[in-house]
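The primary structure of each chain is shown beneath.
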Amino acid sequence: MNFRPRQNEEPEINLIPFIDVLLVILIFLMLSTTYSKFTALQLTLPVADAQQLRDHPREVVVSVAADGRYAVNKSTLEGRRVEQVAQALTEAATAGRDSVIIISADAAAPHQSVITVMEAARRVGLSQITFATQSSATAGK
């Protein structure tokens with residue numbers, strides 16, 4: 001018989017395996033998480049109404065043909081120089097500097113022809129320029 005008093009050993013929690021498991025889980029989460037900086041931004045995007053009335057007097061439509069000829073508001077220009085296009089833009093811009101230039105160029109038009117219209121608009125002081133396009137669905141029609 002064993003008459004010696006028993007020593008009460010307190011249970012010991014070994015933390016090293018616990019920390020190892022937590023580090024592995026942390027590394028797994030860091031590698032598998034995708035970080036997106038855009039989710040932090042709450043944005044309210046603008047809405048466009050297609051039925052909204054357009055301010056047609058402010059628009060000046062400049063058409064550029066495939067051979068480089070110009071038409072301002074459906075009236076054909078005789079020359080192709082920057083000064084002639086600038087003069088036609090001055091006459092067509094009834095709203096002054098608030099006029100919007102819409103460049104409607106043929107897909108085969110020379111790049112220089114479009115640049116000439118932009119340069120003429122700059123010389124006249126018209127800075128609001130946009131380009132007319134068509135959707136690919138209506139291109140073949």
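Located above this text is the structure these notes cover.
A quick note: this is a predicted structure, and the numbers were derived from the prediction, not measured.

What counts and how
- Residues numbered from 1 in each chain as written.
- Predicted model: local features only at pLDDT ≥ 70, side-chain atom pairs only at ≥ 80, totals over all residues.
- Heavy atoms only, no water.
- Helix = DSSP H or I, 4+ residues; strand = E, 2+ residues; numbered from the N terminus.
- Areas by Shrake-Rupley, 256 points an atom, 1.4 Å probe, with all protein chains shown as cover.
- Buried < 20%, exposed > 50% of the residue type's maximum accessible area, 1.4 Å probe, protein only.
- Arc of directions from axis to C-beta.
- Contact = heavy atoms within 4.5 Å.
- Pairing = 2+ DSSP bridges.
- Right-handed = clockwise from strand over helix to strand, strands pointing away.

Student: Explain the overall build of the protein chain to me, and be specific about the residues and the numbers.
Tutor: Secondary structure summary: the protein chain contains 4 helices and 5 strands in total. N-terminal to C-terminal, the α/β element order of the protein chain is α-β-β-β-α-β-α-β-α. When the accessible surface of the protein chain is split by element, carbon and sulfur atoms take 57% of a total near 12,000 Å².

Student: Can you lay out helix α2 (residues 82–92) for me, pointing to particular residues and giving the numbers?
Tutor: Residues Val82, Val85, Ala86, Ala88, Leu89 and Ala92 constitute the buried set of α2. Buried residues of α2, seen end-on, are gathered within an arc of 165° and therefore sit on one face of the element. The elements touched by buried residues of α2 are β1 (59–64), β2 (70–72), β4 (100–105) and α3 (111–124).

Student: Any details on the pairing of β4? Residues and values, ideally.
Tutor: Each regular strand displays side chains that alternate between the two surfaces of the sheet. The pairing of β1 with β4 spans 6 bridges and is classified as parallel. Looking at β4, one finds that Val60 is bridged to Ile101. In the classification by handedness, the crossover that spans β4, the intervening α3 and the parallel strand β5 (residues 128–131) is right-handed.

Spatial relationships are all this shows, so hold off on functional conclusions.
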